[in-house]
Amino acid sequence: MDTPGASRSRFTTPPPRESRNLDLTPEQVKRIELNRLKAKARQREREEQASSSTLPNANGKRPLAVVPATSTSPTAPKPPKLKRDSRLGKYFEYDLSKMVNSKGGFLVEDGKEVDEDVRAKEKERERQRAMQNLEPPIMLDPKLNPRCNECNSMDIDQTYKKVFGCLVCNKCKNEKPEKYSLLTKTECKEDYLLTDAELRDQELMPHLLKANPHKSTFANMMLFLRYQVEDFAWKKWGSPEALDAEWQRRVDEKKKKKNKKFEESLKELRRRTRETVWQKRKDKEHKHTFGVVEKGPNGVGKQICHDCGFSIDISSALEVEQLDVNLYRSKTLYLPPRARGVFGGQVISQALVSANNCVDPAFSLHCYFLLSASAAVPILYNVDRVRDGRSYVTRAVRAVQRGRTIFLMLCSFQRPEPRQPSFQLPMPPNVPSPDACEGIEVIYERLFKETTDAKVKDFCLTALEERRRSPIDVKLAGVRESEDGIPIFLYWHKARNTPVRYDPAFQKCILAYISDSQFISAARRTLTQLNQGGKGPTKVVMQTSLDHNISYYDDDFDCGDWLLYVIVSERAASGRAAVHGRMYTPSGTLVAVCNQEGVVRVDDRENILATAAKL
């Protein structure tokens, strides 16, 4: 028998029980114990049968028993969840049995505290929304109730009344969609050509806001009443016919732009396609590599190609070499005798040739001489495409030499408009023909023979050499006096050595070259003639151009034939003088009008000496 102390320190079979006042016989106790052992053996047998293996493992331990599905153990297997049907889209699973209705428009989980302030605000908003959506009461007096404009019914649509201020019932609204249907903002902009700013103005165009049916995150739809949109569109465009004409014009313009873009892309594709062949052909061509401009003893700037020895002289005074897109370089530069810089007419004509290479013939130009140009360095002409319009095209040309801008020209090109009216200032009457006039060379030769002053003789020789080498032939047609006593100078000009008649674009470039000949000199001659007899100083010490303007009004002229140049200097002050010129064909057609301003300074020391003598 085990002692009582030992029975409390270890497990025993059967376990100790509390002493009860049961009168069991030894036979009954034995039967109870046998039944308990049999039950325990049957349970162990059932567990071994449910196990995957009854063999002990390497450690002599029995395998883990399989927990039955009906077990309440936390390690018991759980039934698989139902798979979500992909056709139902995305959704969230909630256990509604744990939800509590807060009566504020949302559900909260049980156990979470509800903010009373939030619930109060939600109730207030709900009350306000209900008041807004509440239909107005019907008055007992029928005269006080609003009625439909179409059928005089009192069953009007409150939304139309509230948003659009339109009294119409649901029946009339459905029967007359051409008047009371709703239009979207896109339809108003495309069909009635209304702007976004006009449609967003609530006072100008009332509109109804609705959620976008395509996607909730998109902006709200703006719906407009059809007859209100039409009334506003008729007022804006004048009439339905005017609206249709504007709509057709925009459609044609859009189609034209689309075709133009397609043609440009097709042109670019063609250029890329034949780029290889074109590049090979261009590589085979010889390109002249010119050195610096070398001034010869006759005052002519000349450039010589290092590869082939080709030289350029004054006969190609208007030619320019293209270096890049919108970039050109002069081939020859002419420095007149006793001049501060390159002949201005040559710079104008070369700039105009550069601009003509980028567009059709010019009808007017305005240019500024900023610095004197040197004949020893070529001039670069950079063409800027300022504007391309339907009737007018504008180009700006900047002449650069040694990194400094020496000349600026702004020229406009116009599409011809022959059906427009025209008028002109007539050609001066009784002008002698070119055959009856003396050339400038003859005048200098006679002056050289008649004078005895060495300086005058030297000047005549220099002028004779310059005139003989000039590509322009000049004859004096006379000097007339206006009613105000201002002298008017008349010259015949023409280009020498022109075997063929050039196209109008090149004719205008030659005329630009001619326009600077004998031009600013008219101011000097006017000043000398008006101040004769001691009226004022007559010795001009500085003469140069500041700006030059030419307006062409005819394309039918030939610079290889004679052109009459009528020049008058209308004003001189503060060391500056303005001259105005008109060019006529022998038949009397005014083809160009020229204006120029230049620096004309006299030797003011004569005035200083005279003033000192009086003092």
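The following paragraphs examine the structure supplied in this document. (Residues numbered from 1 in each chain as written. Predicted model: local features only at pLDDT ≥ 70, side-chain atom pairs only at ≥ 80, totals over all residues. Heavy atoms only, no water.)

Spatially, three strands are ordered 3-5-4 in an open sheet, and the strand pairing comes out antiparallel. Strands at the two margins of the open sheet, each flanked by one partner only, are strand 3 (182-184) and strand 4 (208-210). Strand-to-strand, the axes of this sheet are offset by a mean angle of 40°, without reference to chain direction. For strand 4 and strand 5 (residues 221-225), the ladder comprises three bridges, and the chain directions are antiparallel. Considered in strand 5, the bridge of leucine 208 is made with leucine 223. Relative to strand 5, helix 9 (residues 226-237) is tilted by about 75°, and along the sheet it contacts strand 3 and strand 5. (Pairing = 2+ DSSP bridges. Helix = DSSP H or I, 4+ residues; strand = E, 2+ residues; numbered from the N terminus. Axes fitted to C-alpha atoms, helices over the stretch in contact; angles between N-to-C directions. Contact = heavy atoms within 4.5 Å.)

Turning to the side chain of glutamate 441, a few remarks are in order. Topologically, glutamate 441 is positioned in helix 13 (residues 440-450). Residue glutamate 441 is classed as buried on the basis of its relative accessible area, which comes to 13%. Not counting chain neighbours up to four residues away, the residues in contact with glutamate 441 comprise Leu464, Arg467, Asp473, Val474 and Arg496. (Buried < 20%, exposed > 50% of the residue type's maximum accessible area, 1.4 Å probe, protein only.)

Reported here for the second largest pocket is a volume of approximately 1400 Å³. Lining the second largest pocket are 40 residues, with Ser391, Gln414, Arg415, Pro416 and Glu417 sitting closest to its centre. Put simply, the parts of the chain that give the lining of the second largest pocket at least two residues each are helix 10 (240-273), strand 12 (380-388), strand 13 (392-401), strand 14 (404-414) and strand 21 (590-602). Across the lining of the second largest pocket, the residue classes tally to 17 nonpolar, seven polar and 16 charged. (1 Å grid on protein atoms, 1.4 Å probe; cavity = no way out; pocket = protein on both sides within 12 Å on 5 of 7 lines; lining within 4 Å. Points joined across faces, edges and corners; volume = space filled by probe spheres on them. Nonpolar A, V, L, I, M, F, W, Y, C, P; charged D, E, K, R; others polar.)

Scope: geometric values only; no functional claims are made or implied.
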